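Residue-level structure breakdown
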Amino acid sequence: RDDNLAPMNRIFVYAEEMLYQKRYDEAVRYLKEEYDRLDPDSRNAGIIAYSIAQAYHSKNDALNEKLYFALSSIADLRNGVREYTSLRRLAAMMYESGDIDRAYSYMKCAMDDAILCNARLMTLEASNMFLIIDKSYQQKEVNRHRQFVAYFVVMALLSLLLSLLYLRNRKQKLRLTAAKRSLSESVEKLYEANHRLSDANHIKEEYISLYMEQYASYLTKMNSYKTRFMILAKKGRVEPIVSFLENAFNTREEQKEFYHNVDTTILHLFPDFIQEFNALLVESEAVTPREGELLTPELRIFALIRLGVTDSIKIAHFLQYSTSTIYNYRTKMRNRAAGNRDEFESKVARIGLNNSI
């Protein structure tokens, strides 16, 4: 292909003439036409590409200047040319544009090749530029190292800050969890206290109702007895009065009626009292009222404990039992408990707590 071209000297002379006459565009067109006819990797293509780059330099077209210096450098390298100037010119342009890394790489290559081919003049020219670029490159490396150190320090500080924030957040989270737990426990205790208070109020209402009913019944009986006594007394009849007293004041029947009223009130308050009480005992030791009874003496005693009457003397007085009888019943039932005997009566005190209100 190159044999059909005009001699290279004529091309360069003609191009130089156009550049001298400042016919830059015409020179570019002419040189490009000649360049397009060549193999881009050929030695002559590299020379013409260098001339095109110079033409663009005259036009102040830095972009195309870089392009053709690069094409010229590639052709030189592929053809083993070591006394080139294209790569040095390209390195200088890269340096001027701030691309220190490429400038250093290109100039170092040019410097090494100039030394290998023992081109003293080119070595001297390249060394001057290389020193400038090398100084900038070294300074850039120093700055890069400083930036890396600064970045590392900043990242270390950020990591430390994040760690501190994490620990603080975790500490606050633990405090919040503890506070929630404490609040939950407080609410639960308050709810239980309120539940017990409502339970106690309900029991008091039943107490008052039982007391008023019993009191009204006794008043009615007393008035009836008084009327009967007055009639008999006015008639002066002593024997009927004595007979009436013996029949009217039957303490056994009165006590039986009292127990019945107490049992009725307790079972009204706690319909499942017997079942829940037996659930606290060993299965074989369950307490069952006899036919015609609502509660047994043992159930009646522990029903009063459920109502809040825990003193054995008060229980004995209330039920007309002896103190020793109350003590024996309490001891016997604790020994028959299914669980911890010391917790038996406290469990009895909570029977029906959830459904007695």
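Before going into details, it helps to say that this report is about the structure given with it. All values reported here derive from a predicted model rather than from experimental measurement.

**A few points about the overall build of the chain**
The helix and strand inventory of the chain stands at 14 helices and zero strands. Along the chain, helices and strands appear, N-terminal first, in the series α-α-α-α-α-α-α-α-α-α-α-α-α-α. Within the chain, buried positions represent 32% of all 357 residues. Considering only residue pairs separated by 6 or more positions, the chain has 61% of its internal contacts joining residues 24 or more positions apart. Within the structure as shown, the chain displays about 23,500 Å² of accessible surface, and the carbon and sulfur contribution to it stands at 55%.

**Side note on the packing of helix α2 (residues 24-36) against helix α3 (residues 43-58)**
For the pair α2 and α3, interaxial distance at closest approach is 9 Å and the crossing angle is 160°. The angle between the axes of α2 and α3 places the two elements in the roughly antiparallel class. In the packing of α2 onto α3, the handedness of the crossing is left-handed. The residues of α3 that touch α2, namely those facing Tyr24, Val28, Leu31, Lys32, Glu34 and Tyr35, are Ala45, Ile48, Ala49, Ser51, Ile52, Ala55, Tyr56 and Ser58. Residue classes in the contact of α2 with α3 are distributed as 10 nonpolar, two polar and two charged.

**Observations concerning the environment of glutamine 255**
Looking at the secondary structure, you find glutamine 255 in helix α9 (residues 251-269). Its relative accessible area of 28% is what places glutamine 255 among the partly exposed residues. Ignoring anything within four residues of it in the chain, the contact list for glutamine 255 reads Leu319 and Gln320.

**Side note on unusual backbone geometry**
Despite not being glycine, asparagine 60 shows a phi value in the positive range, around 60°. Along the chain, asparagine 60 falls in the loop between α3 and α4 (62-78).

**Points about the side chain of aspartate 263**
With respect to the secondary-structure elements, aspartate 263 resides in helix α9. Not counting chain neighbours up to four residues away, the residues in contact with aspartate 263 comprise Leu294, Leu295 and Arg300.

**A closer look at the packing of aromatic side chains**
Across all of its chains, the model carries nine aromatic pairs by this definition. Ring geometry for tyrosine 35 versus tyrosine 68: centroids 6.1 Å apart, planes at 80°, classification edge-to-face. A residue pair is termed long-range when its members are at least 10 positions apart, and tyrosine 35 in helix α2 and tyrosine 68 in helix α4 qualify at 33 residues. Judged by relative accessible area, which is 9%, tyrosine 35 ranks as buried. Relative to phenylalanine 277, the ring of phenylalanine 273 lies with its centre 5.9 Å away and its plane at 20°, an arrangement referred to as stacked. With a gap of four residues between them, phenylalanine 273 and phenylalanine 277 both fall in helix α10 (residues 273-279), about one helical turn apart. According to the relative accessible area criterion, phenylalanine 273 is buried, its value standing at 0%. On the basis of relative accessibility, which here comes to 0%, the residue phenylalanine 277 falls in the buried class. Counting every residue linked through ring pairs, the aromatic cluster contains Phe273, Phe277, Phe302 and Phe344. Positioned above the aromatic ring of tyrosine 259 is the side chain of arginine 300, whose terminal nitrogen or guanidinium carbon lies 4.5 Å from the ring centre.

**So, the pattern of salt bridges**
Inspection of every chain in the model, using the stated rule, returns 11 salt bridges. One salt bridge in this structure joins glutamate 65 and arginine 89, with 3.9 Å as the shortest N-O distance. Taken together, the residues glutamate 65 in helix α4 and arginine 89 in helix α5 (residues 86-96) connect sequence positions 24 residues apart. We classify arginine 89 as partly exposed; its relative accessible area is 27%. Put simply, Arg330, Arg334 and Glu345 are held in one network by salt bridges that share partners.

**Things to note about α3**
Taking 1.5 Å per residue as the helical rise, α3 with its 16 residues ought to reach 22 Å, and the 23 Å between its terminal C-alpha atoms agrees with that figure. Next to the buried residues of α3 lie α1 (8-20), α2, α4 and α5. At the C-terminal side of α3, asparagine 60 shows a positive phi close to 60°.

**Observations regarding a nonpolar patch on the surface**
A cluster of nonpolar side chains, Phe148, Val149, Phe152, Val153, Leu157, Leu160, Leu164, Tyr166 and Leu167, forms an exposed patch at the surface whose accessible area comes to about 930 Å². Inspection of the secondary structure puts leucine 160 in helix α7 (residues 120-234).

**As for α4**
Between its terminal C-alpha atoms α4 stretches 24 Å, which fits the 24 Å expected from 17 residues at 1.5 Å a residue. Residues Glu65, Tyr68, Phe69, Ser72, Ser73, Ala75 and Asp76 constitute the buried set of α4. Buried residues of α4 fall within an arc of 160° about the axis and therefore sit on the same side. Away from the buried face of α4 by more than 90 degrees, exposed residues Leu63 and Arg78 are located. In this structure, the buried residues of α4 make contact with α2, α3 and α5. Where α4 ends, the next residue or the one after it, glycine 80, has phi of about 75°, a positive value.

Conventions used here
Residues numbered from 1 in each chain as written. Predicted model: local features only at pLDDT ≥ 70, side-chain atom pairs only at ≥ 80, totals over all residues. Heavy atoms only, no water. Helix = DSSP H or I, 4+ residues; strand = E, 2+ residues; numbered from the N terminus. Buried < 20%, exposed > 50% of the residue type's maximum accessible area, 1.4 Å probe, protein only. Contact = heavy atoms within 4.5 Å. Areas by Shrake-Rupley, 256 points an atom, 1.4 Å probe, with all protein chains shown as cover. Axes fitted to C-alpha atoms, helices over the stretch in contact; angles between N-to-C directions. Parallel < 35°, antiparallel > 145°, perpendicular 65-115°, else oblique. Left-handed = near helix turned anticlockwise from the far one by under 90°. Nonpolar A, V, L, I, M, F, W, Y, C, P; charged D, E, K, R; others polar. Phe/Tyr/Trp six-rings, centres within 6.5 Å; stacked < 30°, edge-to-face > 60°. Lys NZ or Arg CZ within 6 Å of the ring centre and 35° of its normal. Salt bridge = Lys/Arg side-chain N within 4 Å of Asp/Glu carboxyl O. Expected span 1.5 Å × (residues − 1). Patch = residues over 30% accessible without salt bridge, like charges linked within 9 Å, V, L, I, M, F, W, Y side chains within 5 Å. Arc of directions from axis to C-beta.

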